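One letter stands for each residue in the lines below.
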Amino acid sequence: MEFIVYLAGQIHDNWREEVISKAREKNLPLKFVGPQTNHDRSDDIGEAILGEQPGKFYKDDAASNINNFRTQVLMQKADIVIALFGDKYKQWNTAMDASTAIALNKPTIIIRPENLIHPLKELSNKANVTVETVEQAMEVLAYIYE
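Residues numbered from 1 in each chain as written. Predicted model: local features only at pLDDT ≥ 70, side-chain atom pairs only at ≥ 80, totals over all residues. Heavy atoms only, no water.

**Student:** Pulling in residues and values, what's your account of the overall build of the protein chain?
**Tutor:** When you go through the protein chain residue by residue, the secondary structure sums to six helices and five strands. Listing each helix as α and each strand as β along the protein chain from the N terminus yields β-α-β-α-α-β-α-β-α-β-α. For a compact globule of 146 residues, the expected C-alpha radius of gyration is about 15 Å, and the protein chain comes in at 16 Å, within 12% of that figure. For the protein chain, the spread of C-alpha atoms along the principal axes amounts to about 55 × 35 × 25 Å. Burial statistics for the protein chain: of 146 residues in total, 40% are counted as buried. For the protein chain, the proportion of contacts with a sequence separation of at least 24, taken over those separated by at least 6, is 64%. For the protein chain, the computed accessible surface area is about 8,900 Å², with 50% contributed by carbon and sulfur atoms. (Helix = DSSP H or I, 4+ residues; strand = E, 2+ residues; numbered from the N terminus. Rg over C-alpha atoms; globule rule 2.2 N^0.38 Å. Buried < 20%, exposed > 50% of the residue type's maximum accessible area, 1.4 Å probe, protein only. Contact = heavy atoms within 4.5 Å. Areas by Shrake-Rupley, 256 points an atom, 1.4 Å probe, with all protein chains shown as cover.)

The following block contains the structure:
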């Protein structure tokens, strides 16, 4: 049985590759999808499709419409959502995606470091599982196949 896993979270480091590698190590039959991880492509997609916009607000608005469309399609197709909250970057998109997944009743795993326990307590309470490491998240998924 193969599941589609949406990997929500910041796009500035390689945490997704770590998840995919750990899933392969455990021979988990998972397919991974997520947000556009090419930051420039994500920021410029509105103008790439719709043409030059009359200012930064409109450029961002056009890009966010298309990025939100992409996220909605992929998240609705996903069986499971993993949302990683890290220390280094602002996590607005991660919080939005995790909240959306929970509202869509998608089984959701939140990965967050110990120092984010307090700021994420309500969101963690709504998620199915909250862990501190990618390895722990993969153990949760591996348990499905036992």
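**Student:** Please give an account of the packing of helix H1 (residues 15–25) against helix H6 (residues 134–144) that cites residues and values.
**Tutor:** Between H1 and H6, the shortest axis-to-axis distance is 10 Å and the interhelical angle comes to 45°. The orientation of H1 with respect to H6, classified from their angle, is oblique. In the packing of H1 onto H6, the handedness of the crossing is right-handed. The residues of H6 that touch H1, namely those facing Glu18, Val19, Lys22 and Ala23, are Val134, Glu135 and Met138. (Axes fitted to C-alpha atoms, helices over the stretch in contact; angles between N-to-C directions. Parallel < 35°, antiparallel > 145°, perpendicular 65-115°, else oblique. Left-handed = near helix turned anticlockwise from the far one by under 90°.)

**Student:** Pulling in residues and values, what's your account of the packing of aromatic side chains?
**Tutor:** Any aromatic ring pair is given by two values, namely how distant the centres are and how the planes are angled relative to each other. In total, this model carries two aromatic pairs according to the counting rule given. A centroid spacing of 5.1 Å and a plane angle of 90° characterise the contact between Phe57 and Tyr58, whose relative ring orientation is edge-to-face. Look at Phe57 and you get exposed, because its relative accessible area is 58%. (Phe/Tyr/Trp six-rings, centres within 6.5 Å; stacked < 30°, edge-to-face > 60°.)

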